[in-house]
Amino acid sequence: MTIQRTSAEGNQSANAPNPKDKNSQNSKSGRWLWFWVGMSGIAMVSATAGALLAVSLTSTPLQQADLSPQEEAVFDGDRISGDGLRFSQLTRPVNLLVMGMSVLPPDVQNAPAETKNLRYLPQVNSFDGLSDVMLLMKFDPETKKVVMLSIPRDTRTEIEGYGVKKINAANVEGGPALTAKTVSNVLGGVGIDRYVRINVLGVGKLIDALGGVTVYVPKDMKYQDDSQHLYINLKAGKQHLNGDQALQLLRFRHDELGDIGRIQRQQIVIRALIDQTLNPVTVAQLPKILNVVKENIDTNLTVEELVALVGFGVRTNRSNMQMLLLPGRFSEKNEYDASYWLPNKNSIVKLMTQHFGLESTSEQQVSDPSSLRVAIQDSTGGDRSNLRPLIRALEKAGYRNIYVSKPWNEPLEVTNIIAQQGDGASAELIRNSLGFGDVRVESTGNLDSDISIQVGQDWLQQKAIFEESP
């Protein structure tokens, strides 16, 4: 199989200064001085962090897997960062496959001695099991965007040489290389440049090293599995979670949406971590953070490449960080011998063309408003009558398929207009029609919608204006 690769690719015035303008010029010069001091500070922090990383990790390779030449050839080995002083700058688009590993003693051939003769199955620091989490991330210096595509672990697909299985089994059968091949096949042949596998034991340590994460837990979560010593007990509401508590939120999947609901919560946690920790201060702490979790990580990224990716993330506007979900549907009862997430090939082609630069033979068109499924999720605590003026405004703008979904549990100050299927342009059109709200390209809205409007307190301020409109 051939995998498509990502491609790389003032004069001074001659007049003497006017004494009257001296103070104004000094003021402007002062402002520019502080601007450049600030920018230089960020650059120095990034450079210092890169140097520290290079020094602290030269004797400890980040890659723990022993890939054969054929397996290494699956990944694009071309350089992704600059030379010399530019080593921390990303020089071309990069597709990074991220896998979260949850491994139990039966999953490995030689389980550690301390895991034997126990009455439960503890997590093992290994990379040989099923991929519990799978993300394809694109870092693109050309568009200045970071795109994250969540791939459900129950995705039904062909694994080369092993038949049709859930996609999370690809790592068991052939490690990161076979997983990359399988993901590429599902996504229409998109190239994959690098991979990262992180064991679940490292995720909690990573979140602790970042100082925890503040999120809104959408509902009470309680689950107990004595066979794994997995105990989940979280209360609904906004709270600061440590690593263990964040893992409970990330691993909970015992509700009506199963693994898809878990993916939505993962996106919420990722968004919160990005907002809280992706800054020059955190970059400076990278050596310390990475030393805490490096034994739980396996990647074919070099230290310099890791610095370049993190540095690009620091410089990326938060509105240009987009989170998508592999288009598809749940299998129906008795449709197969197991439950699956069934990929929608046509929707995948559209998504990959729009967000990952995959070439398509069909011309991309702006979605007709009348064909879009628009879900409204109220977070204000009011009754449905409060939403009628909003629905009328959308209908007036040409939207015909509008429905009220379950309320959004987190109280919002500002309305979120969620591009659930990755169609940011259509979400922007709704934002322009309404005149309020923030557009987010992520998959945390209603699963069956194209656009989800999570109504915040700003709607209550706008409601009277909409009621007066003819």
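Because the structure is a prediction, the values reported are computed rather than measured.

## Some thoughts on unusual backbone geometry
Right, so step 1: Unusually for a residue other than glycine, His229 sits at a positive phi of about 55°.
Right, so step 2: Among the secondary structure elements, His229 is positioned in the loop between β8 (221-225) and β9 (230-234).
Right, so step 3: In this structure His229 comes out as partly exposed when scored by relative accessible area, which is 41%.

## Structural notes on helix α11 (residues 388-396)
Right, so step 1: Along α11, the positions that sit buried rather than exposed are Pro389, Leu390 and Leu394. Down the axis, α11 shows its buried residues gathered within 140° of arc, on one side only. Exposed side chains of α11 directed beyond 90 degrees from the buried face belong to Arg388 and Lys396.
Right, so step 2: Where α11 is buried, its residues touch β15 (373-378), β16 (401-404), α12 (424-434), β19 (451-455) and α13 (457-468).
Right, so step 3: Just downstream of α11, Gly398 is the residue with a positive phi angle, here 105°.

## Brief notes about the sheet that holds β16
Right, so step 1: Read across the sheet, five strands follow the order β16-β15-β19-β17-β18 without closing on themselves; strand pairing throughout is mixed. Edge positions in the sheet fall to β16 and β18 (438-440), since each has one partner strand and no second. Adjacent strand axes in the sheet meet at a mean angle of 20° when their direction is disregarded.
Right, so step 2: As paired elements, strand β17 (residues 416-419) and β19 share four bridges and run antiparallel to each other. Among the inter-strand pairings, Asn416 is bridged to a residue of β19, identified as Gln454.

## Some words on the nonpolar core
Right, so step 1: Grouped together as the largest cluster of nonpolar side chains are 58 residues, with contacts concentrated most on Leu97, Leu149, Leu187, Met352, Leu394 and Ile430.
Right, so step 2: Two domains each donate at least three residues to this core, and these are domain 1 (69-356) and domain 2 (369-468).
Right, so step 3: Leave out the neighbours within four places in its chain, and Leu187 touches Leu136, Leu149, Ile151, Leu326, Ile348, Met352 and Leu358.
Right, so step 4: Listed in part, the 49 residues of the second largest apolar core include Leu62, Met148, Phe252 and Val293.

## Thoughts on the environment of Asn279
Right, so step 1: With respect to the helices and strands, Asn279 occurs in the loop between α6 (258-277) and α7 (280-284).
Right, so step 2: Given a relative accessible area of 24%, Asn279 falls into the partly exposed group.
Right, so step 3: C-alpha of Asn279 to C-alpha of Gly313: the two residues are 34 residues apart in sequence and 8.6 Å apart in space.

## Some remarks on the packing of helix α4 (residues 200-209) against helix α5 (residues 243-251)
Each pair of packed helices can be described by the angle between their axes along with the distance between the axes.
Right, so step 1: Here α4 crosses α5 at 125°, and the two axes come no closer than 8 Å. With respect to their mutual orientation, α4 and α5 come out oblique. Regarding α4 and α5, the two cross each other, and that crossing is right-handed. Of the residues in α5, those in contact with Val200, Val203, Gly204, Ile207 and Asp208 of α4 are Gly243, Ala246, Leu247, Leu250 and Arg251.

## Topic: the sheet that holds strand β3 (residues 145-150)
Two pairing modes exist for strands in a sheet, parallel and antiparallel, and in both the strands are linked by backbone hydrogen bonds.
Right, so step 1: Taking strand neighbours across the sheet as the criterion, the six strands line up as β11-β6-β1-β2-β3-β12 in an open arrangement whose pairing is mixed. Of all strands in the sheet, those with a lone pairing partner are β11 (297-299) and β12 (321-325), marking the two edges. Across this sheet, the average inter-strand angle for adjacent strands is 20°, counted without regard to direction.
Right, so step 2: Two strands pair when backbone bridges link them, and strand β1 (residues 94-101) and strand β2 (residues 131-140) are joined in this way by eight bridges, in the antiparallel orientation. Bridge pairing in β2 places Val94 opposite Phe139.

## Considering the side chain of Asp76
Right, so step 1: Here Asp76 lies in the loop between α2 (69-72) and β1.
Right, so step 2: The exposure class assigned to Asp76 is buried, which follows from its relative accessible area of 3%.
Right, so step 3: Among the polar contacts listed, one links the side chain of Asp76 to the backbone nitrogen of Asp78, at a separation of 2.9 Å.

## Thoughts on helix α3 (residues 170-186)
Right, so step 1: In a regular helix each residue adds 1.5 Å, so 17 residues correspond to 24 Å; α3 covers only 12 Å between its end C-alpha atoms and thus falls short of that length.
Right, so step 2: Of all the bends in α3, the greatest measures close to 105° and is centred on Pro176.
Right, so step 3: Most of α3 sits inside the fold, with 13 of its 17 residues counted as buried.
Right, so step 4: Downstream of α3 by a residue or two, Gly188 has a phi angle that is positive, lying close to 80°.

## Considering the packing of α5 against α6
Right, so step 1: α6 packs onto α5 with a crossing angle of 145° between their chain directions and a minimal axis gap of 8 Å. Where α5 approaches α6, its residues Leu249, Leu250 and Arg251 are matched on the opposing element by Arg262, Arg265, Gln266 and Val269.
Right, so step 2: Considering only residue class, the contact of α5 with α6 consists of three nonpolar, one polar and three charged.

Rules used in this analysis
- Residues numbered from 1 in each chain as written.
- Predicted model: local features only at pLDDT ≥ 70, side-chain atom pairs only at ≥ 80, totals over all residues.
- Heavy atoms only, no water.
- Helix = DSSP H or I, 4+ residues; strand = E, 2+ residues; numbered from the N terminus.
- Buried < 20%, exposed > 50% of the residue type's maximum accessible area, 1.4 Å probe, protein only.
- Arc of directions from axis to C-beta.
- Contact = heavy atoms within 4.5 Å.
- Pairing = 2+ DSSP bridges.
- Axes fitted to C-alpha atoms, helices over the stretch in contact; angles between N-to-C directions.
- Core = buried A, V, L, I, M, F, W, Y, C linked by side-chain atoms within 4.5 Å.
- Domains from an automatic or database assignment.
- Parallel < 35°, antiparallel > 145°, perpendicular 65-115°, else oblique.
- Left-handed = near helix turned anticlockwise from the far one by under 90°.
- Polar contact = N/O pair within 3.5 Å; in protein donor to acceptor, adjacent residues only side chain to side chain.
- Expected span 1.5 Å × (residues − 1).
- Bend = angle between axes of the 7 residues up to and from the residue.
- Nonpolar A, V, L, I, M, F, W, Y, C, P; charged D, E, K, R; others polar.

These figures capture arrangement, not role.
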